[in-house]
Amino acid sequence: MISVTVAAQGKIKRLVGGHLKAYGSGRLSILDLDQSDQSKPRRNEINIWARVLTKLFDVVYSVLVSCFPFVFNFLNSPSPENDQEGSVGFLKKRNKRSTSVVRYSAIQKLDERSLGLIFSYLDARGIVRCELVSRKWRRAIEKTINDLPKIQSDQIRLLFDEGEVVIYPVDEKRCPCRYPMPSLQVLSRKLRHLSCLSLFVRGLIPVESTPVLKALCELCLSPQQIYLIWCKLSPASATHLAEFLHRNVTSLSDLGLEECTPGVIITDALLQPLLPSLVSLRVWNDGKSGNFAISDTTVLGLADAIRIGGGLETVDLACSTLSPTGVVGLIEAWISAGSADLSLSISHCHFVTPDSLLTLLESRNIYFKNGKLIRRGHCLSLFL
Amino acid sequence: RIYPLMRVTLTTSDGASVTVSRQLTKHSGFIEKAITDMAVDDNAVPLSAVAVDVDDATLKLVIEWLTEHRDDALPYPEKTDEERRADDIPAWDQAFVQKWDTKEDQQQTLYAVITAADKLDIKGLLDMTCKTLANKINGKTVEEMREILQLECDFTEEELAEIRKENAWCEN
């Protein structure tokens, strides 16, 4: 899997300004959201009525043909005069159209649930092809999409600041594919057959945070790694962020929230359900954009996860209201049950100063050598 | 408790009735529910009366399959997504399907059995028949699938182009 650190640090300077594609593509179309939401169903409605009327006409026409065959035989008889006449020409055209109606095949009897079960035994690319077979199949795939196999990719990067989507294939030898960021509705349609090991989201702005997170909730990307960086979330999107993370709890083992604001929506409660299966947790900013609402509850939750056999490897917390007691609780849990190397970084946490932490560690007879502690062949590195 | 000698009479959509052991019907979620919920007289289950349209010929096949599988574990084991595979159909089942799933039949019987297994809620049979159909279309192109299933394309060229465009990210 591609390291998110590379993904995050690939561009050290964040590009800002009018040259960004986002201002001409992704952004604007998301702002158009409400409008297109209303106009779309109306167009469908018209289509439905048009189809109903067409069908009705076909039925009435065929009833008339069967009741008064002689009239129609006369009208449709091959005579150059009749062919020139408008109304008869119209009837003939209708007639021709109705004979090209889809031939009946017994597979059309199968309901969408059974079709879904059949599709679930195909490979993901086969399912994409099945969408082109018939309308009914496409509908059945739409309805059962969450239970169907997905095309696996290594990493999906949604770069809202640059208006770009980058998809890295699992096969490292193949080139990643870059696409311009489509409008949000189109984005979730385009991603619905995909799953990824790592989901990287950069540069959300408040107005798009709710619709984007909602769309991510509905997809089945099942990432092991979720990384949000430089995302300005709206307060209202907090519930959607929680839903999105909690929906992926079974696959998620690596979570990073870097320079995401406002810090108050990144809470203990948001992280709590994820802690037992986390291998890596990074909640970080440079100390200039406010505190996260993360306290000892989260580190003690991580400590519990280690005690029940969790393989925690990286904890990187900044700007949180942790106390030395909480941090020492995590270190003690690692000493008693840690089953992997652990890198523990605490930065910009007001209450955890090197002095206060080392004093408390010494009082528990825990001594670090050059910031490292070795137990059972594993190493805990502490960065303050 | 299920008594092995208990018998159930099933009436099909074309009026025929078949009496089978409760040992077979326990594999059908629908029949079990009908017997326990509806308290039907003399355990006679009229399949047509409850929106289950199964004809006599199809029911015979269903019963033949149930007879072979009467000792299967219940409830039917659910497979996780990783365990799902279509190439593990037991030899008896393969031979059973081959008997009637001929080229001339054009899957008509297979569709009928899938529908019956779905309506009667016989998970093992539904799973097996769906796998059989999936194996027929797996790895095939869109045109080949339409050919095998005797389906005509009801999309316009523009719609097909639209769907291809929508799924363009799946190509790589």
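Residues numbered from 1 in each chain as written. Chains lettered and ligands numbered in written order. Predicted model: local features only at pLDDT ≥ 70, side-chain atom pairs only at ≥ 80, totals over all residues. Heavy atoms only, no water.

- Within an unreviewed UniProt entry, the label attached to chain B reads Skp1-related protein, and the organism entered is Pristionchus entomophagus.
- What UniProt records for chain B under Sequence similarities (unreviewed entry) is the sentence "Belongs to the SKP1 family." (UniProt positions renumbered as here; feature names shortened; annotations may be inferred.)

- An unreviewed UniProt entry annotates chain A as F-box domain-containing protein of Pristionchus entomophagus.

Some details on the domain arrangement of chain B
Residues and elements named next belong to chain B.
Item 1. What the domain assignment lists for chain B is domain 1 (7–138) and domain 2 (139–172).
Item 2. Buried surface at the junction of domain 1 and domain 2, summed over both partners, amounts to about 590 Å²; 51% is from carbon and sulfur atoms.
Item 3. It is Q106, I137 and N138 that lose the most area in domain 1 upon contact with domain 2, and together they represent 62% of the buried surface on that side.
Item 4. Across the domain 1-domain 2 interface, the total number found is zero salt bridges.
Item 5. Connecting domain 1 to domain 2 are four residue pairs in polar contact (both at pLDDT 80 or more).
Item 6. Tallying contributions element by element places helix 6 (residues 123–137) first for the side of domain 1 that touches domain 2, with three residues. (Domains from an automatic or database assignment. Buried area = accessible area lost by both parts, 1.4 Å probe. Salt bridge = Lys/Arg side-chain N within 4 Å of Asp/Glu carboxyl O. Polar contact = N/O pair within 3.5 Å; in protein donor to acceptor, adjacent residues only side chain to side chain. Helix = DSSP H or I, 4+ residues; strand = E, 2+ residues; numbered from the N terminus.)

Regarding the packing of helix 3 (residues 56–68) of chain B against helix 4 (residues 91–100) of chain B
All names here are of chain B.
Item 1. Viewed as axis vectors pointing N to C, helix 3 and helix 4 meet at an angle of 165°, and their least axial separation amounts to 11 Å. By the angle between their axes, helix 3 is roughly antiparallel relative to helix 4. In the crossing of helix 3 with helix 4, the sense of the turn from one axis to the other is right-handed. Together, L61, E64, W65 and E68 of helix 3 and W92, D93, F96, K99 and W100 of helix 4 make up the contact between the two elements.
Item 2. The residue inventory of the contact of helix 3 with helix 4, partitioned by class, reads five nonpolar, no polar and four charged. (Axes fitted to C-alpha atoms, helices over the stretch in contact; angles between N-to-C directions. Parallel < 35°, antiparallel > 145°, perpendicular 65-115°, else oblique. Left-handed = near helix turned anticlockwise from the far one by under 90°. Contact = heavy atoms within 4.5 Å. Nonpolar A, V, L, I, M, F, W, Y, C, P; charged D, E, K, R; others polar.)

Describing the side chain of A:T144
Residue and element names in this part refer to chain A.
Item 1. You can see T144 is positioned in helix 9 (residues 135–144).
Item 2. The buried category is assigned to T144, whose relative accessible area is 14%.
Item 3. With near-sequence residues (within four places) excluded, T144 lies in contact with E112 and G116. (Buried < 20%, exposed > 50% of the residue type's maximum accessible area, 1.4 Å probe, protein only.)

What to know about the interface of chain B and chain A
Item 1. Taken together, the contact between chain B and chain A spans 42 residues of the former and 43 residues of the latter.
Item 2. Applying the counting criterion to the chain B and chain A interface returns five salt bridges.
Item 3. A salt bridge links A:R113 to B:D118, with the shortest nitrogen-to-oxygen separation between them at 3.1 Å.
Item 4. Linking chain B with chain A are 13 residue pairs in polar contact (both at pLDDT 80 or more), by the criterion used here.
Item 5. At the level of elements, helix 5 (108–119), helix 6, helix 7 (142–149) and helix 8 (157–166) of chain B are the ones that each hand at least two residues to the side of chain B that touches chain A.
Item 6. Per-element tally for the side of chain B that touches chain A: the top contributor is helix 6 of chain B, with seven residues.

Details of the nonpolar core
Item 1. Among the nonpolar cores identified, the biggest contains 79 residues, and A:L158, A:L255 and A:I331 are the most heavily contacted of them.
Item 2. Broken down by element, this core gets its largest block of residues, seven residues, from helix 15 (residues 324–337) of chain A.
Item 3. The residues contacting A:L255, other than those within four sequence positions of it, are A:I226, A:L245, A:L271, A:L274, A:L278, A:S280, A:L281 and A:R282.
Item 4. Core analysis: the next-biggest nonpolar cluster, separate from the first, contains 57 residues, A:Y121, A:I145, B:V113 and B:M128 among them. (Core = buried A, V, L, I, M, F, W, Y, C linked by side-chain atoms within 4.5 Å.)

Focus: a negative patch on the surface
Item 1. A contiguous patch of negative charge, built from A:D147, B:D81, B:E82 and B:E83, is present on the exposed surface.
Item 2. Of note, B:E82 is situated in the loop between helix 3 and helix 4.
Item 3. Owing to a relative accessible area of 72%, B:E82 belongs among the exposed residues under this scheme. (Patch = residues over 30% accessible without salt bridge, like charges linked within 9 Å, V, L, I, M, F, W, Y side chains within 5 Å. Areas by Shrake-Rupley, 256 points an atom, 1.4 Å probe, with all protein chains shown as cover. Lys, Arg positive; Asp, Glu negative; His and termini not counted. Charge placed at Lys NZ, Arg CZ, Asp CG, Glu CD.)

Brief notes about the UniProt feature "domain: F-box" (unreviewed entry) in chain A
Item 1. Feature annotation in UniProt assigns "domain: F-box" (unreviewed entry) to the following positions: residues 117–142 of chain A.
Item 2. End C-alpha atoms of residues 117–142 of chain A are separated by 13 Å, and the span's content is 69% helix alongside 0% strand.

Regarding the sheet that holds strand 3 (residues 177–180) of chain A
All names here are of chain A.
Item 1. Read across the open sheet, the 11 strands follow the order 3-2-1-4-5-6-7-8-9-11-10; overall the sheet is mixed. Edge positions in the sheet fall to strand 3 and strand 10 (372–375), since each of these pairs with one other strand and no more. Along the sheet, successive strands turn relative to each other by an average axial angle of 15°, direction set aside. (Pairing = 2+ DSSP bridges.)

Brief notes about the packing of aromatic side chains
Item 1. One pass over the structure, following the stated rule, counts five aromatic pairs over all chains.
Item 2. On the basis of an interplanar angle of 65° and a centroid distance of 5.1 Å, the ring pair of A:F119 and A:W137 is categorised as edge-to-face. Here the residue A:F119 occupies a position in helix 7 (residues 112–119), and A:W137 occupies one in helix 9, the gap between them amounting to 18 residues. Both residues of the pair, A:F119 and A:W137, count as buried.
Item 3. A network of ring pairs unites the aromatic residues B:W92, B:F96 and B:W100 as a single cluster.
Item 4. In this structure, A:R157 packs its charged tip against the face of A:F200, placed 5.8 Å from the ring centre. (Phe/Tyr/Trp six-rings, centres within 6.5 Å; stacked < 30°, edge-to-face > 60°. Lys NZ or Arg CZ within 6 Å of the ring centre and 35° of its normal.)

Considering the pairing of strand 4 (residues 194–202) of chain A
Residue and element names in this part refer to chain A.
Item 1. Along strand 4, eight of the nine residues are buried, which leaves the element largely enclosed by surrounding structure.
Item 2. Of the strand pairs in this sheet, strand 1 (residues 151–159) and strand 4 are connected by eight bridges, and their pairing is parallel. Bridge pairing in strand 4 places L158 opposite V201.
Item 3. As paired strands, strand 4 and strand 5 (residues 225–229) are joined by five bridges and run parallel to one another. In the sheet register, S198 faces strand 5, and the bridge partner there is Q225.
Item 4. This β-α-β element, strand 4 to helix 11 (residues 206–218) to strand 5, shows right-handed connectivity. (Right-handed = clockwise from strand over helix to strand, strands pointing away.)

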